[in-house]
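For reference, the chains in residue letters:
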Amino acid sequence: MSNLTLATQATQQIDLICRQSPIMPVITINDISEALPLANALLDGGISTLEVTLRTQTGLDAISIIRKALPEAFVGAGTVTSVAMLNAVVDAGAQFAISPGLTHELLLAGIDSTIPLLPGIATPSELMQGLQLGYQRFKFFPAAAAGGVPALKALAGPFSDVCFCPTGGINANNAREYLALPNVMCVGGSWVVPSDAVRNKDWQRITELSKLSIQALLQS
Ligand SMILES: O=C(O)C(=O)C[C@H](O)[C@H](O)COP(=O)(O)O
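Criteria and thresholds
- The written sequence of each chain sets the order in which its residues are numbered from 1.
- At least 70 in pLDDT is required for a residue's local features to be given in this predicted model, at least 80 for side-chain atom pairs to be given and counted, and no such filter applies to totals for whole chains, interfaces and linings, which use all residues.
- With hydrogens and water set aside, each side-chain value is computed from the structure's full complement of heavy atoms.
- Definition used in this section: a nonpolar core is a set of buried Ala, Val, Leu, Ile, Met, Phe, Trp, Tyr and Cys residues joined via side-chain atoms within 4.5 Å.
- Here the term buried applies to any residue with accessible area under 20% of the maximum for its type, exposed to any over 50%, and partly exposed to those in between, with areas from a 1.4 Å probe on protein chains only.
- By the convention used here, residues are in contact when the closest approach between their heavy atoms is within 4.5 Å.
- Two aromatic rings, drawn from Phe, Tyr or Trp (for Trp, its six-membered ring), form a pair once their centres lie within 6.5 Å of each other, and the interplanar angle then sorts them: stacked below 30 degrees, edge-to-face above 60, tilted otherwise.
- Per the convention used, a helix needs a DSSP run of H or I reaching at least four residues, while a strand needs a run of E reaching at least two, with both numbered from the N terminus.
- To obtain an axis, a line is fitted to C-alpha atoms, over the contacting stretch when the element is a helix, and the angle between two such axes runs from 0 to 180 degrees between their N-to-C directions.
- Orientation categories follow fixed angle ranges, with anything under 35 degrees roughly parallel, anything over 145 roughly antiparallel, 65 to 115 roughly perpendicular, and all other angles oblique.
- Two helices that cross are described as forming a left-handed crossing if the nearer one is turned anticlockwise from the farther one by less than a right angle, and a right-handed crossing if clockwise.
- In this description, the arc belongs to the directions extending from the helix axis to the C-beta atoms.
- Note on definitions. A residue lies near a molecule or strand when any single heavy atom of the residue is within 4 Å of it.
- Counted as a polar contact is a pair of N or O atoms within 3.5 Å, where, for protein atoms, one must be capable of donating a hydrogen and the other of accepting one, and residues adjacent in sequence contribute only when both atoms are in side chains.
- Each accessible area value is a Shrake-Rupley result obtained with a 1.4 Å probe; residue values ignore everything except the protein chains displayed when judging cover.
- Residues are grouped as follows: Ala, Val, Leu, Ile, Met, Phe, Trp, Tyr, Cys and Pro are nonpolar; Asp, Glu, Lys and Arg are charged; all remaining types, including Gly, are polar.
- The pairing criterion for strands is at least two bridges between them, as found by DSSP.

1. Let's talk about the nonpolar core
In step 1: Counting residues in hydrophobic clusters, the biggest one holds 63 residues, and the most contacted among them are Leu38, Leu42, Val89, Phe164 and Ile206.
In step 2: Look past the residues within four positions of phenylalanine 164 in its chain and what remains in contact with it is Ile121, Leu127, Phe138, Phe140, Leu152, Leu155, Asn183, Val184, Met185 and Cys186.
In step 3: Counting residues in each nonpolar core, the second largest holds 12 residues, with Cys18, Met24, Leu118 and Cys163 among its members.

Given below as structure tokens:
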């Protein structure tokens with residue numbers, strides 16, 4: 001299969017995953033016992049696509065545990081910053097991978113990977129590095145610091161076929177503005193998984209926060 005066909009297939013997979021829910025929760029697991037109750041709390045709140053970051057040593061195990069226990073969830077890996085990490089998350093059972101930035105090596109590995117990669121970009125030049133290899137979907141990170149909604153509006157001009165999952169500084173107060181943009185598939189953020197709620201095992205609070213956030217975003 002040609003690289004372009006592989007890239008097109010990856011774009012279609014990312015579209016399917018990112019349009020499951022308007023919110024892609026950015027999840028950091030410190031204690032492996034948190035993995036399943038947290039994932040269930042998000043699913044109960046209407047969020048079925050989960051980005052488990054590799055910021056902690058438990059990230060890979062959390063991905064495996066959630067994948068085995070909750071087949072109804074779309075489980076991906078965040079903070080994938082190297083080819084080795086991409087291969088590790090594939091082995092752990094991740095269904096997609098998200099990176100905060102990109103390298104040429106990671107982009108190439110993403111094209112050949114069995115799971116789709118959503119590479120992070122912050123500038124048009126980084127975007128063009130991905131376009132060159134057939135990528136059409138990107139994480140826009142750090143969204144708020146990199147120009148926010150005005151930057152995404154500006155990118156739509158020269159890159160009309162490209163769509164984004166903006167992440168970084170997005171919360172219940174500004175998510176709606178991002179999601180209103182035609183080139184935004186969903187928004188990523190940690191605001192629906194507050195670290196104190198996870199630490200206190202306040203799963204009901206996470207479910208309620210997810211429900212309220214989804215309802216607010218889907219209101220016409
Ligand atoms: O950790 C990763 O894998 C990243 O790529 C960065 C995260 O997506 C953002 O730091 C989330 O930003 P907040 O929603 O403002 O907390």
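2. As for the packing of aromatic side chains
In step 1: Summed over the entire model, instances satisfying the criterion amount to three aromatic pairs.
In step 2: Taken together, a centroid distance of 6.5 Å and an interplanar angle of 35° make the contact between phenylalanine 138 and phenylalanine 164 tilted. Note that phenylalanine 138 is positioned in strand S7 (residues 137–140) and phenylalanine 164 in strand S8 (residues 163–166), a separation of 26 residues in sequence.
In step 3: On the basis of relative accessibility, which here comes to 0%, the residue phenylalanine 164 falls in the buried class.
In step 4: Here the aromatic rings of phenylalanine 140 and phenylalanine 164 are separated by 6.2 Å at their centres, their planes lie at 70°, and the arrangement is edge-to-face. With phenylalanine 140 in strand S7 and phenylalanine 164 in strand S8, this pair connects stretches of sequence that are 24 residues apart.
In step 5: Every member of this aromatic cluster is reached through a ring pair, and the members are Tyr135, Phe138, Phe140 and Phe164.

3. Some words on the packing of helix H3 (residues 59–69) against helix H4 (residues 83–92)
In step 1: Where H3 meets H4, the axes come as close as 8 Å, and the angle between the chain directions of the two elements is 30°. If you check the angle between H3 and H4, you find them roughly parallel. In terms of crossing hand, the pair formed by H3 and H4 is right-handed. Between H3, through Leu60, Ile63 and Ser64, and H4, the contact on the second element is made entirely by Ala88, Val89 and Ala92.

4. Quick word on H4
In step 1: Within H4 the residues assigned to the buried category are Leu86, Val89 and Ala92. Each buried residue of H4 lies within a common arc of 125° when the element is viewed along its axis, so the set occupies one face. Away from its buried face, by an angle of more than 90 degrees, H4 presents the exposed residues Ala84 and Asp91.
In step 2: Next to the buried residues of H4 lie H3, strand S3 (74–78), strand S4 (96–98) and helix H5 (104–112).
In step 3: Glycine 93 sits one or two positions beyond H4 and adopts a positive phi of about 105°.

5. Structural notes on the site of the ligand
In step 1: Neighbouring the ligand are 13 residues; Arg55, Thr79, Lys139, Gly169 and Ser190 lie closest to it.
In step 2: Between the ligand and arginine 55, the relevant distance is 2.6 Å, taken from an oxygen atom to a side-chain nitrogen or oxygen of the residue.
In step 3: In the environment of the ligand, an oxygen atom lies 2.7 Å from a nitrogen or oxygen atom belonging to the side chain of lysine 139.
In step 4: Relative to its free-state accessible area of 410 Å², the ligand is covered by the protein chains to the extent of 83%.
In step 5: Looking at the shell around the ligand residue by residue, the classes come out as three nonpolar, eight polar and two charged.

6. So, the sheet that holds strand S6 (residues 120–121)
In step 1: The strand order across the open sheet formed by three strands is S6-S7-S8, and the pairing between neighbours is parallel. Bordering the open sheet on either side are S6 and S8, each of which pairs with just one other strand.
In step 2: Pairing of S7 with S8 involves four bridges; the strand directions are parallel. Each residue of the ladder has a partner; that of phenylalanine 138, found in S8, is phenylalanine 164.
In step 3: Along the sheet face, helix H7 (residues 148–156) touches S7 and S8 and points at about 155° away from the line of S7.

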